[in-house]
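Listed below are the residues making up each chain.
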Amino acid sequence: MPINGKTSSANSRWMNSDGPDAGIVISSRIRIARNLAGVPFPHLLEPEKSMEVINEIKKALENKEAADLIGNMELTLMNDLSLLERQILVDKHLISLELLNNFQSRAAAIRDDEAVTVMINEEDHLRIQCLFSGLRLKEAWAVVNNIDDGLERTLDYAFSEKLGYLTSCPTNTGTGLRASVMLHLTGLKITNQLGGVFNAISKLGLTVRGLYGEGTEALGDLFQISNQITLGQSEDEIINNLISITKQLLAQEQESRQVLYRERREVIEDRVCRAYGILKCARILAMEETMRMLSDLRLGIELKIISGIQEKLINELIVKIRPAFLIKTAGQDMSKRKLDIARAGLIRKEFENGHIGH
Amino acid sequence: MFCEKCNQRPATVHIAEIINGQKQETHLCEICAKEIKIHGFGFFPQMNLNKFMAGLLNGDFNGSSYNQTGATGKVCEKCGVSEEQFANKGLLGCGECYPYFEEKMLPLLRRIHGNMRHVGKIPERKGGRARLVKEIEIAKRQLKEAVDHEEFELAAQLRDNIRQLEKSFEEGGEG
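Predicted model, so just to flag it, every value in this text is computed and none were measured.

## A short note on the side chain of A:Q129
All names here are of chain A.
- Along the chain, the position of Q129 falls in strand β5 (residues 126-133).
- In this structure the side chain of Q129 is engaged in a polar contact, spanning 2.9 Å, whose partner is the side chain of R29.
- Discounting residues that sit within four places of it in the chain, Q129 has contacts with R29, I30, R31, H93, L94, A115, V116, T117, M119 and V144.

The following block contains the structure:
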């Protein structure tokens, strides 16, 4: 699928909510950082040299002998995309914020199913990421590991026996691996337990961030949990650590939801149905409120209070209700008020078929 | 108009922000506005990781944060990045910077990761001797297991394999 297909559809495979525990573990992501030996890191490169790096990596991606490891990837120069198109790719979690803002002489190769992206000249020469629905970190690492092996057949990486993969920022040195999960922790939020949980997580060498990573707010009770340490632990250790902590969080979230439903059933049903009512009928919906209502609705679907709405739709809506997609759909720039009206209109239409279970 | 955050109280605080020439308005009630002011969520720029790192680096290089004096003036011969540039930006210039700035890098890496030794993946081609060492380690572990389980035939095979690996390591080969 050409890149314009990827920016005109809000759906990506990871949104299909078909992975293990995808009701709470929305997605799993593995990303590694790699650099070419003997070439200055991207932030020091002149445009001409940056293009040479892109071409070298392009060749490695197209290397026929590594095709079984890499798969079919389509490379796009970020200069060839509009700001709006880049923003949509960011909103879909297919490229990073870094490529949104610094797009000269940078590129991204996105696999057809949108599960894999290879970013070129981001903070490092190469950032390889794989994104899956549900708790599937091991599977995502297997994919990334293969692509890495495939590329290494022809690319010489900056690597030190002692320090591992050498990266532009010392926070990535070693494995260059960032494993993360996106969790919907609304039960823990409602029962006021998030503070304690996050406190515990930070003591275990993990970080918590909002929906769109560094420096973004936690909209709709969605949180990204990721490893902080990349040196002195193997990839398997890092991934297994995150998996076991995610499983703990998952159990606690499920537990708090059950307690809520058992002890405060009317309150929870009221909360979910109110959210549904607002989403179905409101004429003006601001981003923050919409995300909060979608969070309540997702809880309602999980608790079977609401039926006829797929969680896949909620995942897609998170992209569709963002300004970039609304503007792209409307074909023109819009004021905040107009965006809020368009957002409400879009959601009303999407929820025509849903209904309250009982 | 109701508060955009709680949607329960009337909005009495109106915040207008201009980001990249785009005006964004937010309407809040007094209580939610206060909360946002206290926690700083969403309205104030959050901590920038690179700048934070730079502060740490500066501390390592110069003894105190954001103090530019006292750096040794060392420059990476490969890419030309100086200690000061590194300390200010929080980013290294190239792979060669690591050995050039090793003295300062190792304590910093220890501070970030609590560790200074890579134990993860080793690239197939470039890994060279490191890969050999790892292979020998794995084979030795397998050998111990085989002996523990009294699988002597397998143990003999593994022992030969280890000998061969060690031989190529001594000869300076890359496996």
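## Here's the deal with unusual backbone geometry
All names here are of chain A.
- Despite not being glycine, N192 shows a phi value in the positive range, around 60 degrees.
- Given the relative accessible area of 71%, N192 is considered exposed.
- For D221, which is not a glycine, the phi torsion comes out positive at approximately 55 degrees.
- Relative to the assigned elements, D221 resides in the loop between β9 (206-209) and β10 (222-227).

## Points about the confidence of the model for chain A
- Per-residue pLDDT for chain A averages 92, and the proportion of residues at 70 or more is 96%.
- The spread of mean pLDDT over the elements of chain A runs between strand β12 (residues 355-356) of chain A, the lowest at 66, and strand β1 (residues 25-34) of chain A, the highest at 98.

## Details of the pattern of salt bridges
- Here the structure, examined in full by the defined rule, presents 30 salt bridges over all chains.
- Here A:D91 and A:R322 are joined by a salt bridge, their closest N and O atoms 3.2 Å apart. Placement of A:D91 in helix α4 (residues 83-91) and of A:R322 in the loop between α12 (311-320) and α13 (323-330) is noted, with a sequence separation of 231 residues between them.
- Accessibility expressed as a relative area gives 2% for A:D91, which makes it buried.
- Assessed through its relative accessible area of 15%, A:R322 is described here as buried.
- Each of A:R34, A:D148, A:D149 and B:K121 takes part in one network of salt bridges that share partners.

## Brief notes about the interface of chain B and chain A
- Tallying the contact residues gives 45 residues for chain B and 54 residues for chain A.
- Summed over both partners, the interface of chain B with chain A buries about 4100 Å², with 55% contributed by carbon and sulfur atoms.
- Three residues stand out in chain B for area buried against chain A, namely B:H113, B:H118 and B:K121, and they jointly supply 18% of the buried area on that side.
- Applying the counting criterion to the chain B and chain A interface returns four salt bridges.
- At the junction of chain B and chain A, the tally comes to 18 residue pairs in polar contact (both at pLDDT 80 or more).
- Where the side of chain B that touches chain A is concerned, the elements lending two or more residues are β2 (22-28), α2 (49-62), α5 (102-113) and α6 (128-148) of chain B.
- It is α5(B) that contributes the most residues to the side of chain B that touches chain A, seven residues altogether.
- A class-by-class count of the residues in the side of chain B that touches chain A yields 20 nonpolar, 13 polar and 12 charged.

## Brief notes about the confidence of the model for chain B
Residue and element names in this part refer to chain B.
- The share of residues in chain B with pLDDT of 70 or more is 70%, and the mean pLDDT across the chain is 75.
- The secondary structure element of chain B with the lowest average pLDDT is α2, at 58, and the one with the highest is helix α4 (residues 97-100), at 92.
- This model gives residues 38-47 a pLDDT under 50, and the stretch forms 13 contacts once residues within four places in sequence are excluded.
- Within the model, pLDDT remains below 50 along residues 62-70, and this stretch shows 19 contacts once partners closer than five positions in the same chain are excluded.
- Confidence estimates for the predicted assembly give a pTM of 0.82 and an ipTM of 0.85.

## Structural notes on the packing of helix α10 (residues 265-281) of chain A against helix α11 (residues 287-302) of chain A
Residue and element names in this part refer to chain A.
- Interhelical geometry of α10 versus α11 gives an angle of 130 degrees and a closest axis separation of 8 Å. With respect to their mutual orientation, α10 and α11 come out oblique. Judged by the twist between their axes, the crossing of α10 over α11 is left-handed. Contacts from I268, R271, V272, A275, Y276, I278 and L279 in α10 reach E289, T290, M293, L294, D296, L297, L299 and G300 in α11.
- Each residue belonging to the contact of α10 with α11 can be placed in one class, and the counts come to 10 nonpolar, two polar and three charged.

## Topic: the sheet that holds β5(A)
All names here are of chain A.
- On the basis of which strands lie adjacent, the open sheet formed by eight strands has the order β2-β3-β4-β5-β1-β8-β10-β9 and antiparallel pairing. Each end of this open sheet is capped by a strand with a single partner; those strands are β2 (73-77) and β9. The average undirected angle you get between the axes of adjacent strands in this sheet is 20 degrees.
- As paired elements, β9 and β10 share four bridges and run antiparallel to each other.

The rules behind these values
- Residues numbered from 1 in each chain as written.
- Chains lettered and ligands numbered in written order.
- Predicted model: local features only at pLDDT ≥ 70, side-chain atom pairs only at ≥ 80, totals over all residues.
- Heavy atoms only, no water.
- Helix = DSSP H or I, 4+ residues; strand = E, 2+ residues; numbered from the N terminus.
- Polar contact = N/O pair within 3.5 Å; in protein donor to acceptor, adjacent residues only side chain to side chain.
- Contact = heavy atoms within 4.5 Å.
- Buried < 20%, exposed > 50% of the residue type's maximum accessible area, 1.4 Å probe, protein only.
- pLDDT = per-residue confidence, 0-100.
- Salt bridge = Lys/Arg side-chain N within 4 Å of Asp/Glu carboxyl O.
- Buried area = accessible area lost by both parts, 1.4 Å probe.
- Nonpolar A, V, L, I, M, F, W, Y, C, P; charged D, E, K, R; others polar.
- Axes fitted to C-alpha atoms, helices over the stretch in contact; angles between N-to-C directions.
- Parallel < 35°, antiparallel > 145°, perpendicular 65-115°, else oblique.
- Left-handed = near helix turned anticlockwise from the far one by under 90°.
- Pairing = 2+ DSSP bridges.

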